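# Inside the fold
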Amino acid sequence: MNKRYFIQTAAALATWAAFGSAQAQTALKFQLDWRFEGPAALFLQPAAKGYFKAAGLDVTIDSGNGSGGTVTRVASGTYDMGFADMAALMEFHANNPDAPNKPVAVMMVYNNTPAAVLALKKSGITKPADLNGKKLGAPVFDAGRKGFPIFQKANAVSNVAWTSMDPPLRETMLVRGDIDAITGFSFTSLLNLEARGVKAEDVVILPYADYGVKLYGNAIIASPKLIKENPAAIKAFLTAFAKGAKEVMANPAGTIGTVKERDGIINVALETRRLQLAVDSVLASPDARKEGFGQVNPGRLSLMASQVSDAYGTKTRVDPKAVWNGSLLPSAAELNVLPPAKK
């Protein structure tokens with residue numbers, strides 16, 4: 001009798017302990033900047049490995065349709081956190097000065113913007129000066145197009161004519177010869193061109209970061225409401241994310257399966273290449289190694305704020321102190337996630 005009572009009591013306690021643990025999980029809704037492509041593994045890996053759960057978080061990760069939309073949805077409260085281009089965040093702040101819930105960047109992920117100008121070698125374009133008088137194309141909301149005035153000023157480019165299109169037509173129009181060059185994320189547009197039959201060696205890429213434009217790229221953003229009410233949850237998220245991101249950067253091919261689990265029709269080989277390109281160009285870039293993963297340089301951030309204010313023609317000037325909060329970053333040891341530099 002005593003033995004049976006003991007077993008029943010132990011089982012009941014275990015059930016209540018599990019229930020209590022589940023109850024303690026903080027629910028967070030997170031939106032990516034784009035579809036479930038290679039770079040999404042950075043977030044899907046810590047989710048798949050249970051790092052978020054072990055940190056007391058119940059994280060839901062959804063795909064996005066552009067950084068602008070992600071910023072807006074976090075601002076509206078639809079999402080608690082997200083992944084968005086820093087320039088898009090700055091633009092929202094400066095154009096909505098009275099918005100009550102303007103998101104804030106809490107960790108830099110893409111230390112350099114992936115924005116680039118891409119052209120086909122047969123066009124004769126090999127350097128920024130060759131863009132003078134040329135026809136460029138990109139969706140109106142493309143980060144590279146919106147930031148092009150900064151690239152233009154840094155490289156004395158003039159007389160550019162723009163053609164707008166939906167994202168799926170950008171690379172198609174370049175291949176057809178409707179336009180001379182495009183702007184886009186380097187690791188996205190290059191692979192899109194290859195998917196349209198263009199060889200990588202026939203593509204010219206002019207990365208903004210290599211031509212005098214040191215804009216930051218995508219960052220993890222959070223609502224000020226969450227920062228105020230539950231900063232511990234954000235810090236736990238960032239710590240778990242860093243742990244997963246380290247694994248992804250160390251072994252892109254071994255972690256791309258997390259993306260396949262969310263979108264079964266992806267081309268694994270292509271998305272592995274996309275992820276590796278992202279690691280090499282913006283995640284583990286020389287600037288990221290210099291400044292430290294996750295962090296920003298105040299002077300560089302201030303310069304970017306000024307450049308975005310001018311290039312985007314915002315209603316008010318961007319306040320760099322209002323868009324960044326690095327107080328919740330993990331420790332230096334936890335942020336030591338970059339793979340060894342390639343020789």
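Residues numbered from 1 in each chain as written. Predicted model: local features only at pLDDT ≥ 70, side-chain atom pairs only at ≥ 80, totals over all residues. Heavy atoms only, no water.

### Some remarks on the sheet that holds strand E1 (residues 26-31)
As summarised here, the arrangement of the 5 strands in space is E2-E1-E3-E10-E4, forming an open sheet in which the pairing is mixed. Looking at the sheet topology across the chains shown, the edges are occupied by strand E2 (57-62) and strand E4 (104-108). Each strand of the sheet is rotated relative to its neighbour by a mean of 30 degrees, with strand direction disregarded. The pairing of E1 with strand E3 (residues 81-85) spans 2 bridges and is classified as parallel. The residue of E3 that forms the bridge with glutamine 31 is glycine 82. (Pairing = 2+ DSSP bridges. Helix = DSSP H or I, 4+ residues; strand = E, 2+ residues; numbered from the N terminus. Axes fitted to C-alpha atoms, helices over the stretch in contact; angles between N-to-C directions.)

### Quick word on the pattern of salt bridges
A full pass over the atoms with the stated rule returns 15 salt bridges. Note that lysine 146 and glutamate 91 form a salt bridge whose closest N and O atoms lie 2.7 Å from each other. Note that lysine 146 is positioned in helix H6 (residues 143-146) and glutamate 91 in helix H5 (residues 86-95), a separation of 55 residues in sequence. A residue is classified by how much of its surface remains accessible, and glutamate 91, at 18% relative accessible area, is buried. For aspartate 142, the salt bridge is made with arginine 170, and the minimal N-O distance between the two is 3.0 Å. With a gap of 28 residues between them, aspartate 142 in the loop between strand E6 (135-137) and H6 and arginine 170 in helix H8 (residues 170-176) connect regions that are remote in the sequence. (Salt bridge = Lys/Arg side-chain N within 4 Å of Asp/Glu carboxyl O. Buried < 20%, exposed > 50% of the residue type's maximum accessible area, 1.4 Å probe, protein only.)

### Some details on the side chain of aspartate 85
Residue placement: aspartate 85 occurs in strand E3. Comment: no salt bridge for buried aspartate 85; closest opposite-charge side chain is lysine 146, at 8.3 Å. Residues contacting aspartate 85, with those up to four places away along its chain left out, are Ser67, Ala143, Tyr216, Gly217 and Asn218. (Lys, Arg positive; Asp, Glu negative; His and termini not counted. Contact = heavy atoms within 4.5 Å.)

### Regarding the packing of helix H2 (residues 41-48) against helix H11 (residues 231-250)
Closest axis-to-axis distance for the H2/H11 pair is 8 Å, and the angle between their directions is 105 degrees. Classified by the angle their axes make, H2 and H11 are roughly perpendicular. For the pair formed by H2 and H11, the contact residues are Ala41, Leu42, Phe43, Gln45 and Pro46 on the first element and Phe237, Ala240, Phe241, Gly244, Ala245, Glu247 and Val248 on the second. The class makeup of the residues in the contact of H2 with H11 is 9 nonpolar, 2 polar and 1 charged. (Parallel < 35°, antiparallel > 145°, perpendicular 65-115°, else oblique. Nonpolar A, V, L, I, M, F, W, Y, C, P; charged D, E, K, R; others polar.)

Remember that the coordinates give geometry; whether it matters functionally is a separate question.
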